[in-house]
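Geometric and topological summary
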Amino acid sequence: MCDMNKNHLLLLYFHEGTDREEQKIQNHVNQCTDCQDYLLLLDQTNQTLYKWPDHRPHPNTWDLIMAKLPEKQMKPAVAKPIISITPILMILFSIVAILGVIFLVHDKMTLLPIWETIKEWVPVQFFGSFGVAAILFFLFGILVSLSLAPALILDFQSKKYKYHYN
Amino acid sequence: MEKRTDKELMKLIANKNTHALKALYRRYEIQIFNFILRNTGSREIAQELIQETFTRIWFAAHTFDQKRGNFKGWIYTIALNITRNEMSKKEYSYHFLDVDEIPESRHQDEDLKNESPDTILEQKERSHVIANALGKLKPYLREVIILKNYQQMKFREIAEATNIPEGTLKARYHRAIALLKKYLDPKECGGNNPCVT
């Protein structure tokens, strides 16, 4: 009786060993009738088992699976990226646009005859011409927002209920 | 969706994407269904358990470790646990499929379309004999044979899915093969009719 570990024959039969291992086992098998018989048995049994073909589940199985999933959990299909590039680009564009406007204001402001007097003031010396232009720009922005605020509030109030019922 | 890998689909399923679950179902329905069918021997139970398997995949998708990775092992672990659980609940006598119960297979549709009723019956009888032989095995032996032979898994993968050492699995495989030889042997079937032609 052959003393070869039968597990090695499984390695050979299912090609789960390395080339070297399989070659070594194959060399042994070539000279061993016991191992050849066992491989034959494995092969015959496996060939027989494969005669039981695959079957398909019933066509409505998927619908039954869907019926078991709670509706609340069926959420949107699209996986969102962690960082979206669009808002970043929009923010960059806004910053560039604001700086451009401030630069323009600063450019025009320094051409005014009154600037010669104003530039001697301490706060103006502290902030510089560009700083002053920026402050003027933001003050103008605040002024515009405040002047539009009542109209925006009224508009929001009138649409509030509409949103609610929609 | 069909072109995505199993791991990508699992990531989407964890985010509750039903399209991804459907794609995964289409990819594995036949394998999982037949795995359960061959383990339980009942089409009706296999039909029920495949639903449970995919429902559990839906709920447990977030527990799948993308880095550790072997998806095939993971899905079979789920199917195996559900099958074992079901079988432990009921006292199965392994009343495997009767010839008439054996459903039309996809191969039968293609290969046996033009065959005579005799050939079709012969095919069904063959399936029946194999089902009976598998049914006579102890569940832990049958599992190894099914995972190895029908699901084409490596012993390493089966060890991962079942959490049983490879050496033990191989020993069980040898034991199962010896028993199947006996059960599939014409002399063991009684009479002059061979078990499998």
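Just so it is clear, the structure is predicted and the values come from calculations on it, not from any experiment.

Before going further, it helps to spend a moment on the overall build of chain A. Helix and strand counts for chain A come out as seven helices and zero strands. N-terminal to C-terminal, the α/β element order of chain A is α-α-α-α-α-α-α. Among the 166 residues that make up chain A, the fraction classed as buried is 10%. Pairs at least 24 residues apart make up 52% of the contacts formed inside chain A by residues separated by at least 6 positions.

Across the boundary between the two partners, chain A contributes 29 residues, which contact 39 residues of chain B. Those elements that provide at least two residues to the side of chain A that touches chain B are α1 (6-13), α3 (33-49) and α4 (61-68) of chain A. At six residues, the largest contribution of residues to the side of chain A that touches chain B is made by α3(A). Class assignment for the residues of the side of chain A that touches chain B results in 14 nonpolar, eight polar and seven charged.

As a further point, take the packing of α4(A) against helix α3 (residues 43-60) of chain B. For any two helices packed against each other, one specifies the crossing angle of their axes together with the interaxial distance. Closest axis-to-axis distance for the α4(A)/α3(B) pair is 9 Å, and the angle between their directions is 50°. The orientation of α4(A) relative to α3(B) falls into the category oblique. Handedness of the crossing formed by α4(A) with α3(B): right-handed. Between α4(A) and α3(B), the residues in contact are A:Thr61, A:Leu64, A:Ile65 and A:Lys68 and B:Gln47, B:Ile50, B:Gln51, B:Phe54 and B:Thr55, respectively. Within the contact of α4(A) with α3(B), the residues separate by chemical class into four nonpolar, four polar and one charged.

This part is about unusual backbone geometry. Look at B:Gln152: it is not a glycine, yet its phi comes out positive at around 55°. Structurally, B:Gln152 can be placed in the loop between α7 (139-150) and α8 (155-162).

Moving on, we get to the packing of helix α1 (residues 6-14) of chain B against helix α2 (residues 18-40) of chain B. Residues and elements named next belong to chain B. Across the interface, α1 lies against α2 with an axial gap of 8 Å and an inter-helix angle of 140°. Viewed along their axes, α1 and α2 adopt a mutual orientation that is oblique. Of the two elements, α1 crosses α2, and the hand of that crossing is left-handed. Contact residues: Leu9, Leu12 and Ile13 in α1; Ala20, Leu21, Ala23 and Leu24 in α2.

What follows covers the confidence of the model for chain A. With 87% of its residues at a pLDDT of 70 or more, chain A has an overall mean of 84. Confidence, read as mean pLDDT per element, is least for helix α7 (residues 122-165) of chain A in chain A (80) and greatest for helix α2 (residues 19-31) of chain A (92).

Moving on to helix α9 (residues 166-184) of chain B. Taking 1.5 Å per residue as the helical rise, α9(B) with its 19 residues ought to reach 27 Å, and the 26 Å between its terminal C-alpha atoms agrees with that figure. All of the buried residues along α9(B) are B:Leu169, B:Lys170, B:Arg172, B:Tyr173, B:Ala176, B:Ile177, B:Leu180 and B:Leu184. In an axial view of α9(B), the angular spread of the buried residues amounts to 160°, which keeps them on one side of the axis. Along α9(B), the residues that are exposed and aim more than 90 degrees away from the buried face are B:Gly167, B:Ala178 and B:Lys182. Against α1 and α3 of chain A together with α6 (117-136), α7 and α8 of chain B lie the buried residues of α9(B).

The rules we used
Residues numbered from 1 in each chain as written. Chains lettered and ligands numbered in written order. Predicted model: local features only at pLDDT ≥ 70, side-chain atom pairs only at ≥ 80, totals over all residues. Helix = DSSP H or I, 4+ residues; strand = E, 2+ residues; numbered from the N terminus. Buried ≥ 20, exposed ≤ 12 C-beta atoms within 10 Å, placed from the backbone. Contact = placed C-beta atoms within 7 Å. Nonpolar A, V, L, I, M, F, W, Y, C, P; charged D, E, K, R; others polar. Axes fitted to C-alpha atoms, helices over the stretch in contact; angles between N-to-C directions. Parallel < 35°, antiparallel > 145°, perpendicular 65-115°, else oblique. Left-handed = near helix turned anticlockwise from the far one by under 90°. pLDDT = per-residue confidence, 0-100. Expected span 1.5 Å × (residues − 1). Arc of directions from axis to C-beta.

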